[in-house]
Amino acid sequence: MGTALVYDEEMTKYKLLWVDPACKIEVPERLTVSYEALVKNGLCQRCVSIPAREATEAEILLVHSEEYLEGVKKTPYMTLEDLKEFTLQYGDVYFHPNIYHCAKLAVGSALQLCDSVMTGKVRNGMALVRPPGHHSMRSAASGFCVFNNVAIAARYAKQKYGVKRVLIVDWDVHHGQGVQYCFEDDPSVLYFSWHRYEHQKFWPNLRESDYDNVGKEDGAGFNINVPWNKVGMKNSDYLSVFFHLLLPVAYEFCPELVLVCAGFDSAIGDPEGEMCASPDIFAHLTHLLMNLAGGKLCAVLEGGYNLTSLPQSVCQTVQTLLGDPPTRLSDLGAPCESALESLQCVRSAHRQYWSCLRQAAGLPDSHVSAKRIRSAGGEGERTEVGEEEKSAEEQAWPEPPQRVSPPVRCALVLPGGEAPPDGCEQISSREELHPLMLTKLREHFQSELDNCSALASLPSLMTLVEKMEKNEIRNGLAVVHSVTMAMMCVLQHVGDAPSSRTLVVCVGGGSVGSHAREDGKTLTVQISSEDTEKPTGKFYVPVHLKKGCGDASGFMQALLGLLLPLGYQYNPDLVLLVQMPNAGVCGGVWQQLVGVLQGFAQGHVLVLMQEGEQARVGPTASTLLGDPAPPLEHPLQAPLPEDVEAVETLRSRLQSDWSLLQNTGESTA
Ligand SMILES: NCCCNCCCCCC(=O)CS
Ligand SMILES: [Zn+2]
């Protein structure tokens, strides 16, 4: 299934007709440079083009009042003076004879996108619209917004398609107060927003934008505000909030549709946000949301005022929606102290509503050590003077690198005779294993080697790995006689490269052999129900879950709160995902894991399974091919206290080595 793009150049045909410093950044070029960048990068052509349409009055009235609509309806016939007069009643917004038409097109575009996704015409998509929507309220325009495009889309999806739970992720740098007011008492719509706040000193200067505004009445817990109390937030700050707050809650909420208030004024260079996150961060934010709701994701443009970073961010978002592998994010540092404090405040404000945020009993927050930030090489407080003095417009950043998708997406090595699932290429090679490899294997697997079939698939596996290294293949799956033997082969092969880094994810118990060395060439995370004898080290992380991989919520907590931060900070060039014999991992969680891990290493994920686990081949291959993982069962049970404690203990022990694991402010030290 494809990716929709909704765009109509009619929405460029309004602009500011008088002097107003607060509004001059909202220009028609925002849309044209974004669309042209999609065309230039060959992304527009890969999308399913969906026409915009005007919203009907009934659709607008899903959110707005009659009197407000009646007022806006008159603006096309107003003189310049009347338009100025009409505008004065609202804040930081302007009207124009054609803005009502464009505002109806913006809402209609969001609804067209919604229809295309909900009817299965496409898997996901983006609507490039202006005016934006998330600030507009029931009876008021605000912050360049006239109608609340995404809020109307949420109500529309619930009414027309019976969607029971909608997640709205607002990564725009401003608080979408209009969306918050619309759904704050509604438990069927979870609104998440981070926003520049500076302790209420930043626009729209609302007390209710702070973290303690968790929603009202039945909606308590379903409104999540993450205030940024400093500017200069970076990729690691954004990712930390995803790992330690948004994703765990989103999986527990289990939405049937994800709407994104895709504002890109949270990117570097934007005069409003003054943040320092690079445009390619949106490739990862999008990727991390794409396995929710069975992949049903609608991104609707909100803000974004730097005409260089905006198109780059739009392209990064659309390219991920199209299934291209995200670029590797290098040198992710520690989240800054201010971000950690905000994160900790939001988590504690929402602890009573979300079982994934329950703190391990007996582990007081204050167990973090003050030395932690400095020893992790984290910036702690960002003191680079240089950045502070440069204005947003003077900021410079590298153009996001090309995201090449190898000619073959998924290749398989299967036991003799089996046909590969559709879309996958099969690899079988007759070559002998390299003698040095054979010697190495004999050292460790004397007994198995007597069984000649033990080696059968290894030459093909090596061919698969070589093709991956040459970027001829994106990812692969091998069904082998012995996964531990195959693991050793792969790590022996890739380990020869001087600076190789392999993230090894072992699902299930069993010895992962001696390869898990401490030289940093591998980082092994083993999730199982067994207590492994091997001690925890910086590069070997055994996650002991009481019910092992059979318990979805415990597993997801380990995946989101431990494995993802570790993996992003380690930044491997290969991910080796090993399903150990008798792992007992439940299907849904396994596919979530296969889906999410593709955000690393430009998608180079190699899955190893043992013969006899063939049932898993089909679903694993479909996820490797880019199909979204099916949603987990709802409701997700609360994680077991023992599991919470296990993950918490590991996190606090490892966070001095891996600072992306941090999720509490130093102030508790
Ligand atoms: N007036 C003091 C400086 C702050 N200006 C705020 C202007 C509204 C921004 C709304 C927006 O970007 C929508 S995403
Ligand atoms: Zn904004």
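Up top you'll find the structure we're talking about.
Residues numbered from 1 in each chain as written. Chains lettered and ligands numbered in written order. Predicted model: local features only at pLDDT ≥ 70, side-chain atom pairs only at ≥ 80, totals over all residues. Heavy atoms only, no water.

Q: Sorry if this is basic, but what is going on with the coordination of the zinc ion (ligand 2) here?
A: Around a metal, the perfect tetrahedron of four donors has angles of 109.5 degrees, and the perfect octahedron of six donors has angles of 90 or 180 degrees. Within the first shell, the zinc ion (ligand 2) binds the protein through Asp-172 (OD), Asp-172 (OD), His-174 (ND1) and Asp-265 (OD), at distances of 2.0 to 2.7 Å. Coordination of the zinc ion (ligand 2) draws on donor residues from a single chain, spaced D-x1-H-x90-D in sequence. Taken together, the residues span a long stretch of sequence, with His-174 in the loop between strand 4 (166–170) and helix 7 (177–183) and Asp-265 in the loop between strand 7 (257–262) and helix 9 (281–289) at a distance of 91 residues. Owing to a relative accessible area of 0%, Asp-265 belongs among the buried residues under this scheme. (Donors = N, O, S within 2.8 Å, 3.2 Å for Na, K, Ca; no water. Helix = DSSP H or I, 4+ residues; strand = E, 2+ residues; numbered from the N terminus. Buried < 20%, exposed > 50% of the residue type's maximum accessible area, 1.4 Å probe, protein only.)

Q: What is the right way to read the packing of aromatic side chains from this model?
A: To describe a pair of aromatic rings, one takes the distance between the centres and the angle between the planes. Tallied over the full model, the rule gives 25 aromatic pairs. Ring plane angle 40 degrees and centroid distance 6.1 Å describe the contact between Tyr-90 and Phe-95, whose orientation is recorded as tilted. Residue Tyr-90 is classed as buried on the basis of its relative accessible area, which comes to 15%. Members of the aromatic cluster, joined through ring pairs, are Tyr-68, Phe-86, Tyr-90, Phe-95, Tyr-100 and Phe-147. (Phe/Tyr/Trp six-rings, centres within 6.5 Å; stacked < 30°, edge-to-face > 60°.)

Q: Any chance you could explain the site of ligand 1 here in plain terms?
A: The full set of residues close to ligand 1 is Asp-92, His-134, His-135, Gly-143, Phe-144, Asp-172, His-174, Trp-203, Asp-265, Glu-272, Gly-303 and Tyr-305. Between Glu-272 and ligand 1, the recorded distance is 3.3 Å, taken from a side-chain N or O atom to a nitrogen atom. Tyr-305 has a polar side-chain atom sitting 2.8 Å from an oxygen atom of ligand 1. Protein burial of ligand 1: of its 440 Å² of free accessible surface, 80% is covered by the chains. For the shell around ligand 1, the per-class residue count stands at three nonpolar, five polar and four charged. (Near = heavy atom within 4 Å. Polar contact = N/O pair within 3.5 Å; in protein donor to acceptor, adjacent residues only side chain to side chain. Areas by Shrake-Rupley, 256 points an atom, 1.4 Å probe, with all protein chains shown as cover. Nonpolar A, V, L, I, M, F, W, Y, C, P; charged D, E, K, R; others polar.)

Q: Would you mind showing me how to read helix 16 (residues 483–495) here?
A: Taking 1.5 Å per residue as the helical rise, helix 16 with its 13 residues ought to reach 18 Å, and the 17 Å between its terminal C-alpha atoms agrees with that figure. When you tally the buried positions in helix 16, you get 11 out of 13 residues, the bulk of the element. Along helix 16, the residues classified as buried are Val-483, Met-485, Ala-486, Met-487, Met-488, Cys-489, Val-490, Leu-491, His-493, Val-494 and Gly-495. (Expected span 1.5 Å × (residues − 1).)

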